[in-house]
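Structural characterization, general
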Amino acid sequence: MEYDVIINDVQIIDGSGKNTFKGSIGIKGDKVQAVGEVKGDAVKVIEAKGLYASPGWIDAHSHGDGTILFYPKAENYVMQGVTTLVGGQCGGSPAPLGDLCNLPGIARDYIEELVPHKYYPEKSLFPREDVNKIMKKYFDWTVDWKTMGEWIAKVEKVGISMNIAPHVGQGNARYMVLGNDYKRFATKDEISEIKAYLVKAMDEGCIGISSGLDYDPGVYAHIDEINDCVSILKDYPNSVYSPHWRRTGRRRDIKMGDTRSNKLDGILESINTCRLTKVPTNLAHLTPAWRLVPEGIDAMEEANIRVTLGFIDTAREEGLPLTFDHMPWFIFGGFDVMPYLCSLLTPWLKEQGGRNELAKWLKIPDYRKEVIDALYAGKWFIRTAYNPNSNPQWAENIWVAKHKTPGYDMKNLAQIAKEKGKPAIETWFDLICEDPDSRGVAVGEAETGNFPQKPFRALFFQHPECALSLDQSVTNHTREQKTPPYSIPGVNSFSAFPGFINEFVKKHKIFTLEQAIHKMSTAAAENLFLKGRGKIAKGSIADITIFNYEKLEVVGDAVEPRRYPKGIEHVLVNGKQVVEKGKHTGIPAGKIVKRAK
């Protein structure tokens, strides 16, 4: 046969951001061989009249490499049309790993068996043999790799249904050298050792380096250490540095009245790394540079975004190779489905052994006061958007999704507290006592802005250097944490990419469909040097998403987010069909995408 696959009679969006045209696509092996008028025979013909074909969608910032071995079919990604994720983010990657390591991915559900604790474990790393006892017990496989090359080999042996382009985490290399003694600056000799681990990972195919400057161990690194590590990328063409810039500070010990960190300083610090090293830099999940008090004033929120983007423009005008990605915050329950109103109280859920038991104890005044005092003392971290210690409007960002008491659903804690005439934190605990199984959603656009979102939120996406990212993991519709806080994936894990089209093309008409596809695929491929992907043209990689534009629908919601969207008809990864007529085929067509040389 002349072709392995012909996609026949389809509306083709080639990734250029320009016009759609009708034609066919001929595929041989993992490459597109013909576009437009395609003549010849094929092993398989996909009749696609009335459908659109675009380059496979790309998540520019993902933590899916941490869970891909638990979910090798990558259902939540491929079923929404995503063919490639960019992993190894926020300073953490699957390797390098030493004799001390952490539980990978969802195995962290069982960390209590390694180190019982109320708030946080005293250590971040544990003996590999202890980690593997947990792995064998619950998952029947072990962490048997030490280097990125060995991890890549394991993933390829297992077989996966989507592509992964991995960074190496600076945090991993730092752990290799400092172990659990990481809460300090590294010495000159230690930095040389850290760099050696990064060099090895780059030689094994990583696309770049990431840092996690709000997380252990990277939060303790001096910026000179970070800059020195990033500088090694000058020897690797088509590589990129992706910083999780200093946005919140270390996410511990935030006491009542603590001033939240200056986000602008974090953005400018990472821009300066780009300036000093001249290494292409992609700012991870960019958000507004200031936290506003009060939140929710449209003119101020819009100005916050515009001024933030001005710093990007100034750096670009200076000649700096700077790009960024941004996450969609327009779906209620997109990210932080708690899923229960009590889920944010993890230490006390563990202590009491479940939701009903905690609800009983929260009725006891002195126990309730102990919990409130511990929260106010910063013993337990809650994200800053809905942390009562750091955000005066925290209660506006915790919503009731489902409660047995009529009249509470789809209201936030601030609204209900006002109705009841009680403080918000007392109201929160009262709601838990009334219905221990009540469901909740936490919102807030990365520590600024309230729900529902407004069209001006698209300003980030409208910037020419922006790509779409999710900051999610690979999972499927069965995922539910068996231990407190009983977390489940949010709607974005399953539907953000189709939702992006519905929100910004159909609803608000901010983008044309062609422009949206550029943001959802081509921009990430260009910014992160994923050569051959993000376009449909002769010789390009045959990652292709075929969808029914009119029938695209997000069907997950805040109560049950784990639903696959409608309208994704066929998905090809490296020329092989992993989704056919809306069903996963189970074919392990994915690859590890290595740095293009």
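Basis of the calculations
- Residues numbered from 1 in each chain as written.
- Predicted model: local features only at pLDDT ≥ 70, side-chain atom pairs only at ≥ 80, totals over all residues.
- Heavy atoms only, no water.
- Phe/Tyr/Trp six-rings, centres within 6.5 Å; stacked < 30°, edge-to-face > 60°.
- Helix = DSSP H or I, 4+ residues; strand = E, 2+ residues; numbered from the N terminus.
- Buried < 20%, exposed > 50% of the residue type's maximum accessible area, 1.4 Å probe, protein only.
- Lys NZ or Arg CZ within 6 Å of the ring centre and 35° of its normal.
- Axes fitted to C-alpha atoms, helices over the stretch in contact; angles between N-to-C directions.
- Left-handed = near helix turned anticlockwise from the far one by under 90°.
- Contact = heavy atoms within 4.5 Å.
- Nonpolar A, V, L, I, M, F, W, Y, C, P; charged D, E, K, R; others polar.
- Core = buried A, V, L, I, M, F, W, Y, C linked by side-chain atoms within 4.5 Å.
- Parallel < 35°, antiparallel > 145°, perpendicular 65-115°, else oblique.
- Salt bridge = Lys/Arg side-chain N within 4 Å of Asp/Glu carboxyl O.
- pLDDT = per-residue confidence, 0-100.

This paragraph deals with the packing of aromatic side chains. Tallied over the entire structure, the rule returns 26 aromatic pairs. Consider the rings of Trp57 and Phe497, whose centres lie 6.2 Å apart with planes at 10°: the pair is stacked. Placement of Trp57 in strand β6 (residues 57-59) and of Phe497 in helix α16 (residues 492-507) is noted, with a sequence separation of 440 residues between them. Across the pair, exposure class does not vary: Trp57 and Phe497 are buried alike. On the numbers, 6.5 Å between centres and 25° between planes, the contact of Trp141 with Trp145 is stacked. Taking relative accessible area as the criterion, Trp141 reaches 17% and is therefore assigned buried. Every member of this aromatic cluster is reached through a ring pair, and the members are Phe70, Tyr110, Tyr138, Phe139, Trp141 and Trp145. We note Arg355 situated over the ring of Tyr340; from NZ or CZ to the ring centre the distance is 3.9 Å.

Interaxial distance between α16 and helix α17 (residues 513-527) falls to 10 Å at its minimum, and their mutual angle equals 145°. Regarding α16 and α17, the two cross each other, and that crossing is right-handed. Here α16 contributes Phe497, Phe500, Ile501 and Val505 to the contact with α17, which in turn contributes Leu513, Ala516, Ile517, Lys519 and Met520. Each residue belonging to the contact of α16 with α17 can be placed in one class, and the counts come to 8 nonpolar, no polar and 1 charged.

With 110 residues, the main nonpolar core has Trp151, Ile501 and Phe547 as its most contacted residues. The element best represented in this core is α16, accounting for 7 residues. Leu349, Ala359, Ile382 and Cys433 belong to the second-largest nonpolar core, a separate cluster that totals 37 residues.

Below, the discussion takes up the packing of helix α7 (residues 223-230) against helix α8 (residues 263-277). At their nearest, the axes of α7 and α8 sit 10 Å apart, and the two run at 45° to each other. One way to sum up the angle between α7 and α8 is to call them oblique. Crossing of α7 over α8 shows right-handed handedness. Between α7 and α8, the contacting residues are Ile223, Asn227 and Val230 on the first element and Glu269, Thr273, Leu276 and Thr277 on the second. Residue composition of the contact of α7 with α8, by class: 3 nonpolar, 3 polar and 1 charged.

It is worth spelling out the side chain of Asn227 at this point. Within the secondary structure layout, Asn227 lies in helix α7. Given the relative accessible area of 10%, Asn227 is considered buried. With near-sequence residues (within four places) excluded, Asn227 lies in contact with Thr273, Leu276 and Thr277.

Next up on the list: the pattern of salt bridges. Pairing is possible between side chains that carry opposite charge, provided their charged atoms lie close to one another. Inspection of every chain in the model, using the stated rule, returns 33 salt bridges. One salt bridge connects Lys31 with Asp30, and the closest N-O pair in it is separated by 3.4 Å. The residue Asp430 makes a salt bridge to Lys422 at a minimum N-O spacing of 2.5 Å. Its relative accessible area of 13% is what places Asp430 among the buried residues. Members of the salt-bridge network, linked through shared partners, are Arg368, Lys422, Glu426 and Asp430.

For the protein, the average pLDDT comes to 94, and 97% of its residues sit at 70 or higher. pLDDT under 50 marks residues 446-450. Its contacts with residues more than four places away, or in other chains, come to 30 contacts.

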